[in-house]
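Survey of secondary and tertiary structure
Below, each chain spelled out in residue letters.
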Amino acid sequence: MGINSVAVVADLGESFGNYTIGDDEALLGLVTSSNIACGFHAGDPRIMDRTVAQCVERGIELGAHPGYPDLVGFGRRLIEATEEEIRTDVLYQLGALDGFARVHGGTISHVAPHGRMGSIAQTDAKHARAITDAIAAYNKDYIVICQRGLLAEESRKRGLEVGYVFLADRGYGDDGMPVPRSHEGGLIHDPQLIGERARQVVREGTVRSVDGNVVPLGHDADILLLHGDHPTVLENGTALRAALDAEGIQVTGLRDVLAKKAKADKTEAAPAV
């Protein structure tokens, strides 16, 4: 836990047509990275175009946020799909967002699987293989944002860099993993608590669980996530940034965080002279 920096990301571009979800314009002032919906669980070509353009203009890292083809359920329902369907759905979404990134002079830095697809990939080998096969085939420079589990393991098998994420507005269990949204304490609505948790995770590598226990995450927190559809996301983001600033923790891009961590690891591993 020796790195004094962290990235902050929000899920963006999750509106659809005439339906608006979240306040992306305000969130852009709080984040260093973006997870942009690719049109399957949310988003459409106009929204993707606008969101990418705004991120590029502000120097915010671009991230693809692929999910199930589930507009009605916002990608939070389990969709029965074959490994080939999952792989090609992810590949399709990467290509779509990359097209907008190229037009606006930007580059995708990372991929963060959305919702149920992302959570099940931590424990389901079929999902983990399909997602990482798609990413590795498209661009091996993309960072995979995930938690510990099979998705991280399969990413490394394919030579993909991993960025570990902490869900700042979600409750965690004693196993150091998020509890379901339906679980008591699964969604956190207290901005000050979210700020304190962010500080604790970055500085100490631990989180207080929904049962009140202090538990280790089991990995560094490279990037802190705010869900764009959370009703108090702006208050949460403001409190999170204030807590990090008060602690002297630098908020920067994910690539910068991982580069600093790699440099620190190399220095620690070097033999004493």
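The text that follows walks through the structure, step by step, so that each part is easy to find. (Residues numbered from 1 in each chain as written. Predicted model: local features only at pLDDT ≥ 70, side-chain atom pairs only at ≥ 80, totals over all residues. Heavy atoms only, no water.)

Points about the packing of helix 3 (residues 83-103) against helix 5 (residues 125-138)
To keep it simple, the criterion reads: Axis lines are fitted through C-alpha atoms, for helices just across the contact stretch, and the angle between N-to-C directions can take any value from 0 to 180 degrees. Helix and strand assignments follow DSSP, with helices taken as H or I runs no shorter than four residues and strands as E runs no shorter than two, numbered in order from the N terminus. By convention the crossing between two helices is left-handed if the near helix lies anticlockwise of the far one by an angle smaller than a right angle, and right-handed if it lies clockwise. Any two residues whose heavy atoms approach within 4.5 Å are treated as being in contact. Gly is placed with the polar residues, together with every amino acid not listed as nonpolar (Ala, Val, Leu, Ile, Met, Phe, Trp, Tyr, Cys and Pro) or charged (Asp, Glu, Lys and Arg).
Following both chains from N to C, one finds helix 3 and helix 5 inclined at 35°, their axes separated by 8 Å at the closest point. As helix 3 runs across helix 5, the sense of the crossing is right-handed. Between helix 3 and helix 5, the residues in contact are Glu83, Ile86, Arg87, Val90, Leu91, Leu94, Gly95, Asp98 and Arg102 and Lys126, His127, Arg129, Ala130, Ile131, Asp133, Ala134, Ile135 and Tyr138, respectively. Looking at side-chain class alone, the contact of helix 3 with helix 5 contains 9 nonpolar, 2 polar and 7 charged residues.

Describing the packing of aromatic side chains
Two measures describe an aromatic ring pair: the distance that separates the ring centres and the angle between the ring planes. In plain terms, the rule: Any Phe, Tyr or Trp ring, taking Trp's six-membered ring, that has another such ring centre within 6.5 Å forms a pair; planes under 30 degrees apart are called stacked, those over 60 apart edge-to-face, and the others tilted.
Scanning all chains against the criterion turns up 3 aromatic pairs. Ring centres 6.1 Å apart and planes at 35° place the aromatic pair tyrosine 138 and tyrosine 142 in the tilted group.

Section: helix 7 (residues 191-204)
An α-helical turn contains 3.6 residues, so a residue and the one three or four places further along point in the same direction. Rules: Helices are assigned an expected span. That span is 1.5 Å times one less than the residue count. Residue exposure (1.4 Å probe, protein chains only): buried if accessible area is under 20% of the type maximum, exposed if over 50%, otherwise partly exposed. The term polar contact refers here to a pair of N or O atoms within 3.5 Å; inside protein, the definition further demands a hydrogen-donor-capable atom paired with an acceptor-capable atom, and it admits residues adjacent in sequence only when both atoms are side-chain atoms.
Under the 1.5 Å per step criterion, the end-to-end length of helix 7 is 20 Å for 14 residues, consistent within 8% with the ideal 20 Å. Among all positions of helix 7, only Ile194, Gly195, Arg197, Ala198, Arg199, Gln200, Val201 and Val202 are buried. On its buried face, helix 7 sits against strand 1 (5-12), strand 6 (162-167), strand 7 (206-208), strand 8 (214-216), strand 9 (223-226) and helix 8 (233-247). The opening residue of helix 7 is aspartate 190, an N-cap whose side-chain oxygen sits 3.0 Å from the backbone nitrogen of glutamine 192. Looking at the residues trailing helix 7, positive phi occurs at glycine 205, about 75°.

Some details on the environment of glycine 67
Within the secondary structure, glycine 67 sits in the loop between strand 3 (62-65) and helix 3. Look at glycine 67 and you get buried, because its relative accessible area is 0%. Residues glycine 67 and serine 182, 115 residues apart in the sequence, show an inter-C-alpha distance of 20 Å. Excluding anything up to four places from it in sequence, glycine 67 contacts Phe40, His41, Gln93, His114 and Met117.

Brief notes about the pattern of salt bridges
A side chain with one charge may pair with a side chain of the opposite charge, provided their charged atoms come close. This is how the line gets drawn: Salt bridge, as used here: a side-chain nitrogen of Lys or Arg that lies within 4 Å of a carboxyl oxygen of Asp or Glu.
A full pass over the atoms with the stated rule returns 14 salt bridges. Between arginine 77 and aspartate 70 there is a salt bridge, and its shortest N-O distance comes to 2.5 Å. The exposure class of arginine 77 is partly exposed, given its relative accessible area of 43%. Across the pair arginine 158 and glutamate 154 runs a salt bridge whose closest N-O atoms are separated by 2.5 Å. Accessibility classification places arginine 158 together with glutamate 154 in one group, the buried group.

Section: the nonpolar core
The cut-off we apply is this: What is meant by a nonpolar core is a set of buried Ala, Val, Leu, Ile, Met, Phe, Trp, Tyr and Cys residues, joined one to another through side-chain atoms within 4.5 Å.
Leu97, Ile131, Ile135, Phe166, Leu224, Leu240 and Leu244 are the most contacted members of the largest nonpolar core, which has 72 residues in total. Broken down by element, the residue count for this core peaks at 6 residues, all from strand 1. Beyond its immediate chain neighbours, meaning those up to four positions away, leucine 244 contacts Val6, Val8, Ala198, Val202, Leu224, Ile249 and Val251.

Observations regarding the pairing of strand 6
In the case of a regular strand, side chains alternate between the two sheet surfaces. Counted only if it meets this: Crossovers are described as right-handed under a simple rule: with the strands pointing away from the observer, the path leading from the first strand over the helix to the second runs clockwise. Any two strands with at least two DSSP-identified bridges between them are counted as paired.
A large share of strand 6 lies buried, amounting to 6 of its 6 residues. Burial along strand 6 is two-sided: Val162, Tyr164 and Phe166 facing one way and Gly163, Val165 and Leu167 facing the other are all buried. In this region the chain leaves strand 5 (residues 143-146), passes through helix 6 (residues 150-157) and returns to the parallel neighbour strand 6; the handedness of that crossover is right-handed. Where strand 6 lies against strand 9, 3 bridges are found, and the strand directions are parallel. If you follow phenylalanine 166 over to strand 9, its bridge partner there is leucine 224.

Observations regarding the state of the cysteines
Our working definition: Cysteine sulfurs are considered disulfide-paired once they come within 2.5 Å of each other.
By the definition in use, this model includes 0 disulfides. Of all cysteine sulfurs in the structure, the one in cysteine 38 sits closest to cysteine 55, which takes part in no disulfide; the separation is 12 Å. For the unlinked cysteine cysteine 146, the closest cysteine sulfur is that of cysteine 38, found at 17 Å. What makes cysteine 146 buried here is its relative accessible area of 1%.

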